[in-house]
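# Inside the fold
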Amino acid sequence: NKVDYIYEEPYKYKIPGMNRRYTPDFVIKQDGKVIYIEHFGITEDKRNSLYSNADLKKYIKQIIDKKNLHHKYQTTLICTYSSYNDGRDLLTHLEEELIKHGIKLEKRDDKEVFNKIISQDKDKYFYKFSFLALKFLGLFKTKGYTEKDFGVLRTKTKSPRTLLFLDVMERLYLYYQNYLKKHNAIDFEDMINDAANILTNKENLRYSFKYIIVDEYQDISRQRFNLAKAISDLTGAKVVAVGDDWQSIFSFAGSEITLFTEFVKVFGYGKELKITRTYRNAQEVIDIAGDFIQKNSTQIKKELKSIKTIKQPVVIYTYNSSDKKMNEMASKVSDTIGRILKNKKDPSKHQILLIGRYGFDGEKLGRTNYFEFDYKTRRIKSKEFPAANLTFLTAHSSKGLGFDDVIIINAENSIYGFPAQIEDDPILKLVRPKEEEMVFAEERRLFYVALTRTKNRVFIITPEDRPSKFVLELLKNYETITLVGNIDENPKEIRKTRLICPECGYPVQARIDSNFGFKIYVCMNEPELCGFVTNDMNCDKRGIHYCDECDGYMIVRYNRNEKKYFYGCTNFEDKNIKCQNSYGIEK
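Residues numbered from 1 in each chain as written. Predicted model: local features only at pLDDT ≥ 70, side-chain atom pairs only at ≥ 80, totals over all residues. Heavy atoms only, no water.

On to the overall build of the protein. On a plain count of helices and strands, the protein comes out with 15 helices and 21 strands. Seen through its principal axes, the protein has C-alpha atoms that stretch 90 × 75 × 45 Å. The buried share of the protein, reckoned over its 587 residues, is 44%. Taking contacts inside the protein between residues at least 6 apart in sequence as the whole, the part at least 24 apart equals 65%. Distance between charge centres in the protein, computed from 97 positive and 83 negative side chains, equals 3 Å. (Helix = DSSP H or I, 4+ residues; strand = E, 2+ residues; numbered from the N terminus. Buried < 20%, exposed > 50% of the residue type's maximum accessible area, 1.4 Å probe, protein only. Contact = heavy atoms within 4.5 Å. Lys, Arg positive; Asp, Glu negative; His and termini not counted. Charge placed at Lys NZ, Arg CZ, Asp CG, Glu CD.)

Written out as structure tokens, the structure is:
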């Protein structure tokens, strides 16, 4: 509406008894008028079923204190609520209040608003939501769902956030489907879903097939299963499924491994034929990899055989990651390449595959002193061994390929390590295949894929202090594994949960604050219930608070000599003030 505003600009006066700065939600400045806006997460008649009586009482007191503060200093405050007694919505009430206070509203074009959001989305929240929406929509369709299934999904959750997301996604879905129809277009998911629906619902269709052969069946999704089943039901054809459940690694794209492992149960018939001869791997490699994958009891049991043998099938090299981690890791990878190529007359004929868990693993290698990485061709080159025939691939993209030797470069215990330990947004559980009982079940299959790309040996590079869980498992269970270097067998667990507010127990969110000019951590609870904010989580319940000797703020600082954290005033570096106020952090 062409109304300029400032978000959470600090109010120049303090709320009595409050030790932290007061930041109204919005400040509007137009034609000499200054208007503050506060939105309260309770109803106009002061109700909210999510709060306890004590919390609600505290919340209402905060509202009264803020109103009194604005009244005392004669500043204009507009208050909005989650719902109103007259049944009209928040925006209608806000519009009335703004007009009543003389604020001019000129509605902008929707596209202009959209472009403005994108241009000012400094924290990329819009893009994050867009990617989540795209992921959700793809998995929604891959499940074979349609608009009627939004109602079904709503019955599976009580989360206000998830319910709101489903409301938004239903509108996006309908808009997208209408767009496709208007432009006489169709996407890949609808091609499959529509084909399955036509075959299921058209009784006059007649086709004659004896067999339906489905390759790579371990990666089949529900919608593709529906299509194969519809053809089979219509024609009486038998389904011949070819695949390897040990290499089912695409659940993030909607594949459901149980459609493979429970084939007989799903189709009502079936005979299992096993191919147990491998020609790529040596017996010693496949013995380790095969036993490793079968630690998951839900995988189909089989024993692979090879005529090839090799000594030291898997070699683990460790490096010190305490300083210049990437250079240390790259140095060890380079050293491993040198060992592989030793005594090779023509290094260019010996294919070496570097496997990363993610594509950026290769990019990071290219930023060290040991490798060059071409971002366009995705090719990698060793500075120390320029004649080396190197290929970099992610574990996913390496599936189905074979190389003379393999180096797994990022076997560390971290969020983006191997196994990867990223937690998906809980919303995606509504459209994702059911989670497997074994922890890291799919990551285990992906590691199996990485182990079995070699025709000779597998070399694994891992940090001494944070070795991969899979590396420790290999060392514990298989005597033929060779370890070169030191390793911590009881490394510290990485932090998997969100940072928690020390005052109220809610999650905190990191953001760059324009008022302070540095990164802060803000409690996600309602500010009326908890106003915790800090610049460093090595603090106590006070977080950032007013300095009692000047108009500055006490923030967390670190004394490198004494190696401890303390509170120091933000005006310490001000040439005119040089406030020396400081004190310790309470434990």
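The next subject is helix α15 (residues 469-477). Since the α-helix packs 3.6 residues into each turn, any two residues three or four apart lie on the same face. For α15, the full list of buried residues reads F470, V471, E473 and L474. Taken around the axis of α15, the buried residues stretch over an arc of 160°, which confines them to a single face. The residue sitting at the N-terminus of α15 and contributing the capping side-chain oxygen is S468; that oxygen lies 3.0 Å from the backbone nitrogen of F470. (Arc of directions from axis to C-beta. Polar contact = N/O pair within 3.5 Å; in protein donor to acceptor, adjacent residues only side chain to side chain.)

Along helix α14 (residues 441-451), 11 of the 11 residues are buried, which leaves the element largely enclosed by surrounding structure. Those residues of α14 that sit buried are A441, E442, E443, R444, R445, L446, F447, Y448, V449, A450 and L451. Buried residues along α14 sit in contact with α11 (283-293), β8 (351-356), β12 (405-408), β13 (458-463) and α15.

Strand pairing in a sheet relies on backbone hydrogen bonds, with the paired strands running either antiparallel or parallel. Sheet architecture is open: four strands sit in the order β1-β2-β3-β4, paired in mixed fashion. Looking along the sheet, the strands with just one partner apiece sit at the ends: β1 (5-7) and β4 (76-81). The sheet shows a mean angle of 25° between the axes of neighbouring strands, direction not considered. Inspection of the sheet shows β1 paired to strand β2 (residues 26-30) by three bridges, in the antiparallel sense. Of the residues in β2, the one forming a bridge with I6 is V27. Against the sheet, helix α2 (residues 90-100) touches β2, β3 (33-40) and β4, its axis set at about 165° to β4. (Pairing = 2+ DSSP bridges. Axes fitted to C-alpha atoms, helices over the stretch in contact; angles between N-to-C directions.)

Before going further, it helps to spend a moment on the domain arrangement of the protein. Once the domains are mapped, the protein shows domain 1 (5-107), domain 2 (112-185), domain 3 (189-273), domain 4 (284-494) and domain 5 (498-584). Here the C-alpha centroids of domain 1 and domain 4 sit 55 Å apart. (Domains from an automatic or database assignment.)

Attention now goes to the pairing of β3. Bridge analysis of β2 against β3 gives five bridges, and the strand direction is antiparallel. In the sheet register, Q30 faces β3, and the bridge partner there is K33. Here β2 folds back onto β3, and the loop between the two strands holds two residues, one of which, D31, carries a positive phi near 50°.

Now for a nonpolar patch on the surface. Side chains of F129, L164, V168 and L172 sit close together on the surface and give an oily, nonpolar patch of about 320 Å² of accessible area. Looking at which element gives the most residues to the nonpolar patch, the answer is helix α6 (residues 160-182), with three residues. Relative to the helices and strands, L164 resides in helix α6. On the basis of relative accessible area, L164 is assigned to the exposed category, the value being 55%. (Patch = residues over 30% accessible without salt bridge, like charges linked within 9 Å, V, L, I, M, F, W, Y side chains within 5 Å. Areas by Shrake-Rupley, 256 points an atom, 1.4 Å probe, with all protein chains shown as cover. Salt bridge = Lys/Arg side-chain N within 4 Å of Asp/Glu carboxyl O.)

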